[in-house]
Amino acid sequence: MKLSTRDARSLFAKPDPTKAGLLIFGADAMRVALQRQAYLKALLGSAAEEEMRLSRLPAGELRRDKAMLLDAVKAVGFFPGPRAAFVEEANDLVAPTVLDTLSDWQPGDAQIVVTAGDLKKTSKLRKAFEAHPNAYALAIYDDPPDRAEIERLLSEAGLTPEGEAMGALMELARALDPGDFRQTLEKITLYKLNDPAPLSLADVAACAPSSTEAEVDDILHVVAEARAGEIGPVMRRLQAQGANAVTLMIMAIRHFRTLHRIAANPGAPVWGVRDRDRVTRQARAWGAVKLETALGALTDTDLALRSAGQKAPALALVERTFIRLAMLGAQK
């Protein structure tokens, strides 16, 4: 059966060992891996591998030995407690093996936990888990962690955030990839070790990763401050450093989203940036309407860079967009 995000939270908080299996799939491998780690820890506990209650089965090995998964599911462990057979990076090439094992599953067998990439609705693996009455399928989308998930992670770490600190963490969740955000939370947990005070905005700022190298910060400020004539030299330095065009666009979108948030909410707290006064001045100079236009142009360029038919030099495409934005920012 399909799992909604809300249902998944309940399941992950208290997994049901009587279920036959769980499929976790999505385009973002890091998000899928984090969800799988959380689920297996909740289902089996932290000592599962030492007690040989968890079998790890790469999908490539299942193609060579189709009986491997069934053997792992039916094996009787030496230690008491729930067991799981984890199939990593599955796809429809191993779907027959997984589905045959799922159909042979009996109460008392190890639970089948499968991770996969972005499966289409027509995928045999996805359709089987979604239709199975005793198994789950959870799709992981690219949405950042929401407030409830961040609060859960903080609660697990024994941290109570102040209002501004929670706002800063939500901004970081939108700006960072899941692995970096989880590492930031771990850093915050260590930073607050033996400190009973609530988590403050200053604590988050002390542990937040630097946004980028100075050169990348420079190009974002040059564009946001409408200094079109300086874009070429800074872009050449970035190219010499091996800068990635898609990464530049992601960071530019992040910066202009921050400016738009500030412009659209005058007087609201400014978090997630190193120079608040500077970005506040930039937001005020642009205004929310022009920033919406800028975000549209950045998104179009980002999509063009990721397009299979894109043939123009990537950094040249980025530079042209940056110049257009600087010229837009200079308009009164």
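Residues numbered from 1 in each chain as written. Predicted model: local features only at pLDDT ≥ 70, side-chain atom pairs only at ≥ 80, totals over all residues. Heavy atoms only, no water.

Visitor: Looking at this structure, I do not really get the packing of helix H13 (residues 245-264) against helix H15 (residues 314-330). What am I missing?
Guide: Angle between the axes and distance between the axes are the two parameters that describe a pair of packed helices. The interhelical angle for the contact between H13 and H15, taken along N-to-C directions, is 25°, at an axis separation of 9 Å. By the angle between their axes, H13 is roughly parallel relative to H15. Facing H13, whose interface residues are Ala245, Leu248, Met249, Ala252 and Phe256, H15 presents Ala314, Leu315, Val318, Phe322 and Leu325. Partitioned by chemical class, the residues of the contact of H13 with H15 number 10 nonpolar, no polar and no charged. (Axes fitted to C-alpha atoms, helices over the stretch in contact; angles between N-to-C directions. Helix = DSSP H or I, 4+ residues; strand = E, 2+ residues; numbered from the N terminus. Parallel < 35°, antiparallel > 145°, perpendicular 65-115°, else oblique. Contact = heavy atoms within 4.5 Å. Nonpolar A, V, L, I, M, F, W, Y, C, P; charged D, E, K, R; others polar.)

Visitor: Would you take a moment to explain the pattern of salt bridges for this structure?
Guide: Side-chain pairs of opposite charge can arise where the charged atoms are in close proximity. As enumerated under the stated definition, the model contains 11 salt bridges in all. Where Arg53 meets Glu51, a salt bridge forms, and the shortest distance between an N and an O atom there is 2.8 Å. Looking at Glu51, the relative accessible area reads 24%, which means it is partly exposed. For Glu151, the salt bridge identified is with Arg147, shortest N-O distance 3.1 Å. Here Glu151 and its partner Arg147 are both found in helix H7 (residues 147-156), four residues apart, which amounts to about one turn of the helix. Of the residues examined, Glu151 reaches a relative accessible area of 37% and is grouped as partly exposed. Exposure remark for Arg147: the relative accessible area of 40% places this residue in the partly exposed category. A network of salt bridges, in which partner residues are shared, links Glu225, Arg227, Glu230 and Arg278. (Salt bridge = Lys/Arg side-chain N within 4 Å of Asp/Glu carboxyl O. Buried < 20%, exposed > 50% of the residue type's maximum accessible area, 1.4 Å probe, protein only.)

Visitor: Help me understand the pairing of strand E5 (residues 135-140), please; the structure alone is not making it clear to me.
Guide: The buried count for E5 comes to six of six residues, which makes it a mostly enclosed element. Neither face of E5 is exposed, since Ala135, Ala137 and Ala139 on one face and Tyr136, Leu138 and Ile140 on the opposite face are all buried. In terms of strand pairing, strand E1 (residues 21-26) meets E5 through six bridges, oriented parallel. Among the inter-strand pairings, Gly21 is bridged to a residue of E5, identified as Ala135. (Pairing = 2+ DSSP bridges.)

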